[in-house]
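Spelled out, the chains give:
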Amino acid sequence: MRSYIRQSGSYSWPISTGPFVVFAHARNVIRKSTKTAAGYSSAHSRDGPLIFHMRDGPPNVTGPPGGTGPPRHTSGSGPPKTTGPPMEWLARKKSLKKSSEKNQEKNLNIEKSHRDLLEENIMKTSKRNKLLGLALTGSFSLFGASGAYAAAGDTISNQATLNYDVGGAAQVLIESGTGAGNSTPGAGNGTTTDFIEDRLINFDIVRLGATGDAVPSGTLQPVTFNLTNNGNAAQGFLLKGLNNADGTADPWGGTNDEFDATLVQTFVENGLQAGYQSSGANQDTAAHVASLASGANVDVYVVSTMPLNDTGGNPLVNGNVAVMTLVAQAAIDGSTGIAADAIVTDDNQHFSPGGTGFTNATADVTAGVAGPVTPDDPTNEEVVFGEAAGTQDGTGAADIVSNGQHSDDSSYTIVTAALNVTKASVALWDPVNLEVNPKSFPGAYVRYTITIENTGTVAADLTTLSDTLAAALDLDADFGDGTAANNPTSAVGDSFEVTHVDNAVTNYCTGSTVDADGCGYVGSPGGVITVDINAVMGATDAQLAAGESLTITFNVVVQ
């Protein structure tokens, strides 16, 4: 209950944080009551009732303003004279005093009555406002102090309260009513005005991070999006990944679309481990969103397999791009991922285009049909599509506003090993100068070094290298060391030296014929050299990670 304090003929109370009715007449009512109670008198005085000395009569009486003290004798006049017998005047004085006291008591009761009525109205209004969260103060509030908002399907109720005066006297409040209204005064006689909050379906898909790095023929390659429910109720969603036409611009600024991914699937982040998990205890397995609360969001991964070639049949190389779209279709809350869960028509003549292959190609959504024009029905929860336009809808057409779908584009970018191969030669030994400043003439030995460097960002598994010698060259079968005697570097018959520079591993292989060690030389002179790097080095040392290098060295004899 709000307390109040009397201040100069009016009443005040603390300001409430909730809405309340302001009684515009309150100050005037109290001012009138106070003035009547304190200042009731006959026309003889403006200051209050006259209280006479027992022996005195009315003439020649003066006193302090306001009648707050005994009368004073006029200077030099002596005691006041009475105009009638003393006992008659005394009786009259007593009668006047008694009448004044009765009037004063009556007006104080009037003041108390006004004050009680005001306090009662304040208490009733405050209580009702707390319950209904609504007051008529020239504006209104739909919700109370809790700050909780209603959701789709909730009934929203409110009621107005009118306070008014008649002839300056406060009347009993009247509450509003629905239909014909309410004219019966008093709290509890009105009725609330109700409506059911309609469902706004509003959501968006946004690409995250950057283009998805992928390798040729790579499986389960992910690209990440985020889905946010901007509507006023929990919602389910069906999902679909969709390739774009060749030439579509890469939203991340790479080259235009040049190939299509295959085996396209969607998976929803389960919250156990950030990023797409393709296996293990934290594997992301859900192909659709069963329920997403209003205001919530979740990451969605489009997961695909990369081909070996682009749409023109050319091998995929570093920087090739496939633009990928994620399309979300509105569905019922608690969706099981089937086509029947899709919401394809709203109550405002909007409809969904549908599409095939939602929820990992298990749901084919049939397009909706625009319904009739109908006014809002406050007794039913109605549905309105309110999402913005996206990039591509479930059929591959342009995604328009309010169609129950939303989409955005991201991309896959092929990242492969970028290998740089160099071949250098140096004169190693000749029959005249031996190892001292040798020259390249017939009979001389020349050393070739082939260097393979991985300048890309993905590891490369090296397999074989071949080199066809010029007709004027023949292979040095023993790989001489270039000393004066030009002895074999490793052992007789070892023709090739293979070194993984970063791993500091060197192996040798023979070149007389193609044999089990993986190396060989066919034809002489001008034959073909073959080195099976994986066979010579093993899988670990035949792999070049980004920034690593490997060398293959052999000698030839000038003919």
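Look above for the structure.
Residues numbered from 1 in each chain as written. Predicted model: local features only at pLDDT ≥ 70, side-chain atom pairs only at ≥ 80, totals over all residues. Heavy atoms only, no water.

A. Inspection of the nonpolar core at higher detail. Grouped together as the largest cluster of nonpolar side chains are 29 residues, with contacts concentrated most on Leu227, Val289 and Tyr412. When residues of this core are traced back to their parent elements, those giving at least two are strand 10 (203-207), strand 12 (221-229), strand 13 (235-243), strand 15 (289-292), strand 16 (297-305), strand 17 (321-331), strand 20 (383-385) and strand 21 (405-414). The leading source of residues in this core is strand 17, at five residues. Aside from chain neighbours lying at most four places away, what touches valine 289 is Leu227, Gly236, Phe237, Leu239, Val268, Val298 and Ser335. Core analysis: the next-biggest nonpolar cluster, separate from the first, contains 26 residues, Cys509, Cys519, Phe554 and Val558 among them. (Core = buried A, V, L, I, M, F, W, Y, C linked by side-chain atoms within 4.5 Å. Buried < 20%, exposed > 50% of the residue type's maximum accessible area, 1.4 Å probe, protein only. Helix = DSSP H or I, 4+ residues; strand = E, 2+ residues; numbered from the N terminus. Contact = heavy atoms within 4.5 Å.)

B. Geometry of the packing of aromatic side chains. If you walk through the whole model with that rule in mind, you get six aromatic pairs. Judged by centre distance (5.8 Å) and plane angle (65°), the ring pair of phenylalanine 496 and phenylalanine 554 falls under edge-to-face. Placement of the pair is phenylalanine 496 in strand 27 (residues 494-500) and phenylalanine 554 in strand 32 (residues 549-558), with a sequence separation of 58 residues. For phenylalanine 496, a relative accessible area of 0% puts it in the buried group. Take phenylalanine 554: its relative accessible area is 0%, and that puts it in the buried class. Clustering of aromatic rings is evident, with ring pairs tying together Phe267, Tyr276 and Tyr301. (Phe/Tyr/Trp six-rings, centres within 6.5 Å; stacked < 30°, edge-to-face > 60°.)

C. Quick peek at the sheet that holds strand 25 (residues 464-468). Reading across from one edge, 25-30-29 is the order of the three strands in this open sheet, with antiparallel pairing throughout. Looking at strand neighbours, the two that pair on one side only are strand 25 and strand 29 (519-522), the edges of this open sheet. Here the strands of the sheet are splayed against their neighbours by 10° on average, with no regard to which way each runs. Pairing geometry for strand 25 and strand 30 (residues 528-532), over five bridges, is antiparallel. Following the sheet pairing, threonine 464 is matched in strand 30 by aspartate 532. Each of strand 25, strand 29 and strand 30 is contacted by helix 4 (residues 533-541), which is oriented at about 25° to strand 30, the strand it contacts most. (Pairing = 2+ DSSP bridges. Axes fitted to C-alpha atoms, helices over the stretch in contact; angles between N-to-C directions.)

D. Expanded view of helix 4. Taken together, the buried positions of helix 4 are occupied by Ile533, Val536, Met537 and Asp541. Seen end-on, helix 4 carries its buried residues on one side only, within an arc spanning 80°. Looking at where helix 4 begins, the residue whose side-chain oxygen comes 3.3 Å from the main-chain nitrogen of asparagine 534 is aspartate 532. (Arc of directions from axis to C-beta. Polar contact = N/O pair within 3.5 Å; in protein donor to acceptor, adjacent residues only side chain to side chain.)

E. Region of the structure containing the state of the cysteines. Tallied over the full model, the rule gives one disulfide. Linked covalently through their sulfurs, cysteine 509 and cysteine 519 form a disulfide whose S-S length is 1.8 Å. Looking down the S-S bond of the cysteine 509 and cysteine 519 bridge, the torsion is -80°, so its handedness is left-handed. Residue cysteine 509 is located in strand 28 (residues 505-510), and its partner cysteine 519 is located in strand 29; the two are separated by 10 residues in the primary sequence. The burial state of cysteine 509 is the same as that of cysteine 519; both residues are buried. (Disulfide = S-S within 2.5 Å.)

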